Amino acid sequence: MKYRITLLLILIGFSALADNGYRLWLKYDLLPVGVKAIYAKQIKSIHIVAASPTIRAAEQELKTAISGLVGHQISEQARLTDGTILLVKSSDLKKYNLSIADVPENPEGYLVKTTAISGKKIILITSKTDIGVLYGSFAFIKQLQLQQEIEKLNVKSEPKIRNRILNHWDNLDRTVERGYAGFSLWNWQTLPGYIDQRYIDYARANASVGINGTVLNNVNANALILTKDWLLKVKALADAFRPYGIKVYLTARFSAPIEIGGLKTADPLDKEVINWWKEKADEIYKVIPDFGGYLVKANSEGQPGPQNYNRNHADGANMLAKSLAPHGGIVMWRAFVYDNKVPDDRAKQAYNEFKPLDGNFDENVIIQVKNGAIDFQPREPFHPLFGAMPNTSTMLEFQLTQEYLGMSTNLVYLATLFKETLGADTYAKGQGSTVAKVINGSLYGNKNSAIAGVANIGNDVNWCGHPFAQSNWYAFGKLAWNDESPATLIADEWLKMTFRTDFATIKKLNEMMMKSRETVVDYMTPLGLHHIMGWDHHYGPGPWIKDKPRADWTSVYYHQADKNGIGFNRTNTGSNALAQYFPAVAEKFSNLNTCPEEYLLWFHHLPWNYKLKSGNNLWDGMVKRYYKGAAEVKQMQATWDSCEKQIDPVIYRQVKQLLAIQYDEAVWWRNACVLYFQSKSGLPIPSGLAKPEHDLAYYEKLEFKFVPGI
Ligand code: BDP
């Protein structure tokens, strides 16, 4: 990406009072007088070469944005004049004697450039495809929102990952599994007849950050979605999203041939089953010609799958892949599996099941791997499957919805977590074999590449529940497009577009966002602790959870705390999960001198008096982290309070109240965990730290009904 842009003016106060957050980062309020006067001289009209629904969508977006930001209407003109925005596919550039040399090769890439045609100064937005032109239009609008100079524009950008997808865990009754922002956006009852404006706004928001696919329904799938009437509803959504370059995908329930097909089996090698899926694919593509494909959760947490018939994941995935291949569809087959037998270490299971199948998957199968081997914890080391399957496409699954990170009451900016995984070095082909290179296909030359984010979107007026949770949707799209974008730059853009306030405020809020994930790690799961949340609903602390149907559904399984020490030994004296990593990584994490402290208790079981780098012993160091995390939320509150005059009052009050809840929750986490672990270690809370206000029994007894998301 190349930016040759300088800033025009300092951002100044918000102009839209009583903001409900619905517009996300696509806020087109009037710019400050000086800036809009400059833009008004530079932007006069729009010219399109060949109209298509996508080009019309780009034109409409530009018109709306310019009339809102600059305060003047631009109309479509047949002739080019100074200040015309020219929307054109690169194949038509020669008509204007313009070179295509600068246009990105990638069909979704774009070039936004000020140039001259027959002496007229125009703003060229071009790409090989219409959708690239739409992306370029959003990039141009962003320059205006950020009040950057457009006199000498030369912005060129293209994605490295082909499929950039949101996964909605939405049920057909509109509840959302692990959803904390209301009900599902998809109003199945009124579809296909009624197209809510919200569907279009959803598509606009996605296109503005380059997201080009959406899985509409829960991975714990209902086969009904594949029946005729429901497919017509899906078609209506696909039609609404198409102009914005968004393909629709569905989750496929493996037992669908039995449940809705009337067959006796779902065995992937059974002829009738194979035929049923083939006919199903033909039926889907008749209705939705650009259907993206299936996402499948099989043989995991009770979901049916090929193993029910003594077949393996490749048998199942390939059978589906073959039904989609003639139509160009893909199968995203999830590696988040664990079977009915409780393994010695759940962290090892995905690798154990998938690694031996490397090379057996069809080309249009992509294995969808969560960022870490357990389950979307506040912090996990990268999943050992990345890089381990050189002959298979693997994709990455992040969770934007904050199942394990405080749901929608905790302010946690996730771009730092995303970057940590994307930048992790697998050493699969020596140093520099980052997870990003594995999943964008460049490390092993895979044809397909993809990344998924479990959506944090519902029908709350502001889409995501917490106003700052919108930044995670934004950041996911931005990093899916370009994993090299710095998290702080993404936060900066998002803040400026969302709040449009002064630099000092942006800077403070940026710092707060950048620290926020570390803060939550500190008050929930410091030093590599994991999966110690409340049972099943995952709300609040639950380090005492034990005696459940499976050992690996308990907290005591993961932290292994007793009077001698704490942590899960995954070295060769323990579960040896470390052996699943490439040797350089395994060595680094195995050796206590080189294992980063953030992963200490993930990989090692250590005595309470183990010396940390800070000089503290493990007990003191851990307790201090818990206190530090909670104290940092206090600081976040102070930071936010200091922004009162600079932030829209409605959003200000909302975040202020949510931060107060977050502080209470952080203290609750801290107290409950410190007291519980103290009941094991028998050691005192280091001096100077306040005593928890209740005893352990109090925290253990807290019970919660109707926690959202389950
Ligand atoms: C876990 C969630 C569960 C999901 C599962 C999955 O608790 O609701 O169904 O992941 O990813 O994190 O399949």
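Residues numbered from 1 in each chain as written. Predicted model: local features only at pLDDT ≥ 70, side-chain atom pairs only at ≥ 80, totals over all residues. Heavy atoms only, no water.

Moving on: the nonpolar core. Among the nonpolar cores identified, the biggest contains 227 residues, and I85, F140, F241, W333, W473 and F677 are the most heavily contacted of them. For F241, the residues in contact, after removing those within four places along its chain, are W186, Y199, Y202, A203, T214, L216, I246 and V248. L80, Y96, L111 and I122 belong to the second-largest nonpolar core, a separate cluster that totals eleven residues. (Core = buried A, V, L, I, M, F, W, Y, C linked by side-chain atoms within 4.5 Å. Buried < 20%, exposed > 50% of the residue type's maximum accessible area, 1.4 Å probe, protein only. Contact = heavy atoms within 4.5 Å.)

If you trace the six strands from one edge of the open sheet to the other, you get 2-1-3-5-4-6, paired in mixed fashion. Strands with a single pairing partner mark the edges of an open sheet, and in this sheet they are strand 2 (75–76) and strand 6 (154–157). Here strand 1 (residues 45–48) pairs with strand 3 (residues 84–89) via four bridges, running parallel. What sits directly across from I46, in strand 3, is I85. Sheet strands in contact with helix 3 (residues 130–145) are strand 3, strand 4 (110–117), strand 5 (120–127) and strand 6, and its direction is about 125° off that of strand 5. (Pairing = 2+ DSSP bridges. Helix = DSSP H or I, 4+ residues; strand = E, 2+ residues; numbered from the N terminus. Axes fitted to C-alpha atoms, helices over the stretch in contact; angles between N-to-C directions.)

Residues that lie three or four places apart on an α-helix share one face, since the helix turns once every 3.6 residues. Residues of helix 16 (residues 583–590) that are buried: V585, A586 and F589. Taken around the axis of helix 16, the buried residues stretch over an arc of 100°, which confines them to a single face. Set apart from the buried face of helix 16 by more than 90 degrees, the exposed residues are P583 and E587. In this fold, the buried residues of helix 16 make contact with helix 17 (600–603). (Arc of directions from axis to C-beta.)

Time to look at the site of the ligand. Near the ligand, the surroundings consist of 14 residues, among which E177, K297, R334, D375 and E403 are the closest. One of the side-chain N or O atoms of E177 is found 2.4 Å from an oxygen atom in the ligand. In the environment of the ligand, an oxygen atom lies 2.6 Å from a nitrogen or oxygen atom belonging to the side chain of R334. Contact with the protein chains covers 97% of the free accessible surface of the ligand, which is 320 Å². In terms of residue class, the shell around the ligand is built from four nonpolar, two polar and eight charged. (Near = heavy atom within 4 Å. Polar contact = N/O pair within 3.5 Å; in protein donor to acceptor, adjacent residues only side chain to side chain. Areas by Shrake-Rupley, 256 points an atom, 1.4 Å probe, with all protein chains shown as cover. Nonpolar A, V, L, I, M, F, W, Y, C, P; charged D, E, K, R; others polar.)

Looking now at the packing of aromatic side chains. The geometry of an aromatic ring pair comes down to the distance between the two centres and the angle between the two planes. For the structure on display, the rule yields 43 aromatic pairs. Measuring from ring centre to ring centre gives 5.9 Å for F291 and Y294, while their planes differ by 70°; the resulting arrangement is edge-to-face. For the pair F291 and Y294, a shared accessibility class is recorded, and that class is buried. A connected cluster of aromatic rings, assembled from ring pairs, spans Y22, W25, W186, Y199, Y202, F241, W463, W473 and Y474. (Phe/Tyr/Trp six-rings, centres within 6.5 Å; stacked < 30°, edge-to-face > 60°.)

Per-residue confidence for the protein chain gives a mean pLDDT of 96, with 98% of residues at or over 70. When mean pLDDT is taken per element in the protein chain, strand 8 (residues 213–215) scores highest with 99 and strand 2 scores lowest with 92. Low pLDDT, under 50, characterises residues 1–5; the predicted model gives this stretch 17 contacts beyond four residues in sequence or across chains. (pLDDT = per-residue confidence, 0-100.)

As a further point, take the environment of S255. As for its placement among the helices and strands, S255 is situated in the loop between strand 9 (247–251) and helix 6 (256–259). S255 sits 33 residues away from N222 along the chain, and the two C-alpha atoms are 9.6 Å apart. Here S255 is in contact with A266 and P304, once residues within four sequence places are set aside.

Bringing the domain arrangement of the protein chain into the picture now. Often, the extent of an interface is quoted as the loss of accessible area upon association of its parts. When the domains of the protein chain are assigned, the result is domain 1 (25–157), domain 2 (163–485) and domain 3 (522–568 + 605–700). On a C-alpha basis, the centres of domain 2 and domain 3 stand 31 Å from each other. Between domain 2 and domain 3, the contact holds 27 residues from the first and 27 residues from the second. At the boundary of domain 2 with domain 3, total buried surface from both sides reaches about 2,100 Å², with 56% on carbon and sulfur atoms. Across the contact surface, domain 2 and domain 3 share zero salt bridges. Here domain 2 and domain 3 share 14 residue pairs in polar contact (both at pLDDT 80 or more) between them. Here the residues of the side of domain 2 that touches domain 3 are counted per class, giving eleven nonpolar, nine polar and seven charged. (Domains from an automatic or database assignment. Buried area = accessible area lost by both parts, 1.4 Å probe. Salt bridge = Lys/Arg side-chain N within 4 Å of Asp/Glu carboxyl O.)

On a regular strand, each side chain points to the face opposite its neighbour's, so the side chains alternate between the two faces of the sheet. Summarising burial for strand 13 (residues 393–399): seven of the seven residues are buried, a large majority. Side-chain alternation along strand 13 places S393, M395, E397 and Q399 on one buried face and T394, L396 and F398 on a second face that is also buried. Bridge analysis of strand 12 (residues 365–370) against strand 13 gives five bridges, and the strand direction is parallel. Of the residues in strand 13, the one forming a bridge with Q368 is M395. Where strand 13 and strand 14 (residues 450–454) come together, four bridges link them in parallel fashion. Across the sheet, the residue bridging to F398 is G453, located in strand 14.

Turning our attention to the sheet that holds strand 13. Pairing within the closed barrel is parallel, and its eight strands lie in the order 7-8-9-10-11-12-13-14. When the angles between neighbouring strand axes are averaged without regard to direction, this sheet yields 25°. Across the sheet, helix 5 (residues 228–241) touches strand 8 and strand 9, and the angle it forms with strand 9 is around 150°.

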